[in-house]
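Each chain, written out:
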Amino acid sequence: MKIRFTKMQGAGNDFVVLDATREPLALSTDQMRRLGDRRFGVGADQILVVARSSTPEVDFAYRIFNQSGEEVEQCGNGARCFVRYVRDKGLSDKTTLRVETVNNLLELHLQPDGRVRVDMNTPVFDLPRIPFHAAGLRPHRVAVKGAAGKGRTTELWPLNLKGRTVEVAVLSMGNPHAVQVVDDVDTAPVEVQGPLIEHHTSFPKRVNAGFMQIVARDHIRLRVFERGAGETLACGTGACAAVVAGIRLGLLDPVVDVDARGGRLTIEWQGAEAGPESHVFMTGPAETVFEGEIEL
């Protein structure tokens, strides 16, 4: 079968986008892998499938597949590309869209400067919902730094990685993340520790591994080893998870610029003090690279 596609990228995180708004699109895992293959297909970190939603007051639905062909729950950079795609293709003339994923409802805003602001919803810290199995592990209670700490503590979890222990903050931004603070992302052992963390037995659905360097209270550098994709040039949910973790540790302010290898994202979170429903917001670029047709 021949299929039309659009190649897009957001801060270097790249996607193959498929239109299923006019007729259903059912591709096999092997066909998804072919699309994501950088040598034998189009090549992408994820494949996004755009569809109509049957839910009242929701504009679209979209599904996300890693280059390995497996479906995943969330992708922040993909959400930004989603907005640009439906606007550029004339599927909607709205500047604000409500979009449902397999486990979440997002609100996406196209800004006048062409960047997209995404309401990423609330972070999840409840361990079973992440999901994270803490059996046999004892968390390290860390005092929250700064004046806002006021005697509060937060948890870092020790993970044994073939004899080496690292401490991570665990949370979900619609998909699971494990974030550690490092001195320098350029020398961080991403290629070694990334796959060990991703496949650690404490994460039954595997996990995205984030390596965060604090530059200033409003600025971090970040590398993410993504579940099912390996290290990518940027990870939107990973940027959100890192900033949330840093704020909970008292290391960051509510608005933070995140420099990934593919570009800059801006993340906003007012913190748990703003209430349990305090949402995370992400702003960044999204653009079309090229369009084409492939035989699958």
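Here, the structure is the one placed above.
Residues numbered from 1 in each chain as written. Predicted model: local features only at pLDDT ≥ 70, side-chain atom pairs only at ≥ 80, totals over all residues. Heavy atoms only, no water.

Draft legend 1. Up close: the packing of aromatic side chains. Under the definition given, this model contains six aromatic pairs. Centroid distance Tyr62 to Phe82: 4.9 Å. Interplanar angle 50°. Geometry classified as tilted. Remark: Phe82 occurs in helix H2 (residues 76–88) and Tyr62 occurs in strand S4 (residues 60–66); sequence separation between them is 20 residues. Tyr62 sits in the buried class, given a relative accessible area of 2%. Taking 6.3 Å as the distance between ring centres and 50° as the angle between the ring planes, the aromatic pair formed by Phe125 and Trp269 counts as tilted. In this pair, Phe125 sits in the loop between strand S8 (116–119) and strand S9 (140–143) while Trp269 sits in the loop between strand S17 (263–268) and strand S18 (281–284), placing the two residues 144 residues apart along the sequence. Taking the relative accessible area as the measure of exposure, Phe125 reaches 28% and is therefore partly exposed. (Phe/Tyr/Trp six-rings, centres within 6.5 Å; stacked < 30°, edge-to-face > 60°. Helix = DSSP H or I, 4+ residues; strand = E, 2+ residues; numbered from the N terminus. Buried < 20%, exposed > 50% of the residue type's maximum accessible area, 1.4 Å probe, protein only.)

Draft legend 2. Inspection of the environment of Glu70 at higher detail. Tracing the chain through its elements places Glu70 in the loop between S4 and strand S5 (71–72). Given a relative accessible area of 27%, Glu70 falls into the partly exposed group. It is 9.6 Å that separates the C-alpha atoms of Glu70 and Gln46, two residues lying 24 residues apart in sequence. Excluding residues that lie within four positions of it along the chain, Glu70 makes contacts with Ile64, Phe65, Arg206 and Gly228. At 3.4 Å, the side chain of Glu70 forms a polar contact with the side chain of Ser68. Of the polar contacts made by the side chain of Glu70, one reaches the side chain of Arg206; its length is 2.4 Å. (Contact = heavy atoms within 4.5 Å. Polar contact = N/O pair within 3.5 Å; in protein donor to acceptor, adjacent residues only side chain to side chain.)

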